[in-house]
Amino acid sequence: MTRPPRFFCAAAARRRGDPLAGTAPFGLVWVLIEYPGGWPPNGFDGLDLEPGVKALVFSAAQAVRARILLIRRHGRRSPGEPRRWAVLRYGGSGGHRQRWGTWSQDKDLAGVVAALGAPGETGLPPAVLVCTHGLHDTCCAMRGRPAARALSERRPELVWESTHVGGDRFAANVVVLPDGVYYGGLDAASSVTAVEEHLADRVHADHLRGYTDLVPAQQVAVAAALQHLGPAGRHAWAVTATTRLGDLWHVQLAGRPPHPLTVEVEVRSARTPPRQLTCRGLAPSSAVVHEATSLRLG
């Protein structure tokens, strides 16, 4: 008997033409914990840490809706190098905040709890995360590792491999934090281009999944403005009004010069037929997608 071909969710999504825009999960605070060993399928939850410390970190993160991600450098880790942790906060155009520390014993992770209650520093360089969480989804490893390698060769001080960031079928996924910007559908070359342009404060619509401080329809509206008017800085477009009537959204954006004063974007949402959305998905499921149907300059 001939076996059916192996299913890869990222390849299937590309064949279907699943839209990237509007797929970034909401988030304003992230906890990063360097863990160079093997990652469990469920990331931080599956680590064999001292239960009291683990519960303390989890509850403190949950209180501020922070996402906990495990990170590691691409390639071999230098012996004796301390493991790092970080708390990153999105701060809008007013400035993001970060606090970094190190840990060698489980009890040292109590520093994460303290950092979640402290303001943090501004002006630090961003962290560039590439999802390579193969035990969570095969495509994350297959497509993420070449991107991580290419980015690490270019920006070794900024780039980390990470556990699941969401959207397996959009692998390779790259997230820039605490900017809160998701990119997807990348390969080695396009990941380098996207990150270099991002660091130059030129966000392109190509490969943009969205901004984590916006809801999906707003993310799509910003992507439409970038597609129509060209790349712009992370905070070049501000959402000033959003209305919804059923599946139809109207999003108003205000731009900074040289962009038009306002842009009105109509966005329509729809639910897809049930599909297998991840490599390990046991049952088909549907997803809500958003599409910009019109754009008007004010």
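Note that this is a predicted model, so its numbers are computed, not measured.

The rules behind each value
Residues numbered from 1 in each chain as written. Predicted model: local features only at pLDDT ≥ 70, side-chain atom pairs only at ≥ 80, totals over all residues. Heavy atoms only, no water. Pairing = 2+ DSSP bridges. Helix = DSSP H or I, 4+ residues; strand = E, 2+ residues; numbered from the N terminus. Axes fitted to C-alpha atoms, helices over the stretch in contact; angles between N-to-C directions. Core = buried A, V, L, I, M, F, W, Y, C linked by side-chain atoms within 4.5 Å. Buried < 20%, exposed > 50% of the residue type's maximum accessible area, 1.4 Å probe, protein only. Contact = heavy atoms within 4.5 Å. Right-handed = clockwise from strand over helix to strand, strands pointing away. 1 Å grid on protein atoms, 1.4 Å probe; cavity = no way out; pocket = protein on both sides within 12 Å on 5 of 7 lines; lining within 4 Å. Points joined across faces, edges and corners; volume = space filled by probe spheres on them. Salt bridge = Lys/Arg side-chain N within 4 Å of Asp/Glu carboxyl O.

1. Digging into the sheet that holds strand S1 (residues 29-34)
Taking strand neighbours across the sheet as the criterion, the 9 strands line up as S4-S3-S1-S2-S6-S5-S7-S8-S9 in an open arrangement whose pairing is mixed. Among the strands making up the open sheet, the edge pair consists of strand S4 (97-103) and strand S9 (208-211). Each neighbouring strand pair of the sheet contributes to a mean axis angle of 25°, computed without reference to strand direction. Sheet topology note: the strand S5 (residues 127-131)/strand S7 (residues 174-177) ladder contains 4 bridges and is antiparallel. Across the sheet, residue valine 128 finds its bridge partner in S7, namely valine 176.

2. Digging into the sheet that holds strand S12 (residues 262-271)
Read across the sheet, 4 strands follow the order S10-S11-S12-S13 without closing on themselves; strand pairing throughout is antiparallel. Strand pairing shows two members of the sheet lacking a second neighbour, strand S10 (237-245) and strand S13 (288-297), which therefore form its edges. On average, adjacent strands in this sheet sit at an angle of 25° to one another, irrespective of strand direction. In the sheet, S12 pairs with S13 via 9 bridges, with the strands oriented antiparallel.

3. Notes on the nonpolar core
Counting residues in hydrophobic clusters, the biggest one holds 39 residues, and the most contacted among them are Tyr183, Leu226 and Leu253. Counting residues per element, this core draws most heavily on helix H6 (residues 216-229), at 8 residues. Those residues in contact with leucine 226 that sit more than four places away from it in its chain are Val203, Ala205, Leu208, Tyr211, Pro231, Ala232 and Trp237. Grouped together as the second largest cluster of nonpolar side chains are 21 residues, Phe44, Leu70, Trp85 and Leu109 included.

4. Side note on the pairing of strand S2 (residues 67-72)
Along any regular strand, the residues point their side chains to alternate faces of the sheet. Burial runs high along S2: 5 of the 6 residues are buried. Of the pairings in the sheet, the one linking S1 to S2 comprises 5 bridges and is parallel in character. For leucine 32, the partnering residue across the bridge sits in S2 and is leucine 69. Following the chain from S1 across helix H2 (residues 51-63) to the adjacent parallel S2, one finds a crossover that is right-handed. Judged from the 2 bridges that link them, S2 and strand S6 (residues 159-162) form a sheet pairing that is antiparallel. Looking across to S6, one finds that isoleucine 71 is bridged to serine 162.

5. Describing the layout of surface pockets
Empty space within the largest pocket amounts to approximately 280 Å³. What lines the largest pocket is a set of 16 residues, and nearest its centre among them are Asn42, Phe44, Asp45, Arg67 and Ile68. Listed by contribution, the elements that provide at least two residues to the lining of the largest pocket are H2 and S2.

6. Concerning the pattern of salt bridges
On inspection of all chains with the given rule, the structure shows 7 salt bridges. A salt bridge links arginine 72 to glutamate 161; its shortest N-O distance comes to 3.2 Å. In this pair, arginine 72 sits in strand S2 while glutamate 161 sits in strand S6, placing the two residues 89 residues apart along the sequence. Of the two residues examined, arginine 72 and glutamate 161, each falls in the buried class. Linking aspartate 213 and arginine 234 is a salt bridge whose minimum nitrogen-to-oxygen distance equals 2.9 Å. In this pair, aspartate 213 is assigned in the loop between S9 and H6 and arginine 234 in the loop between H6 and S10, connecting sequence segments 21 residues apart.

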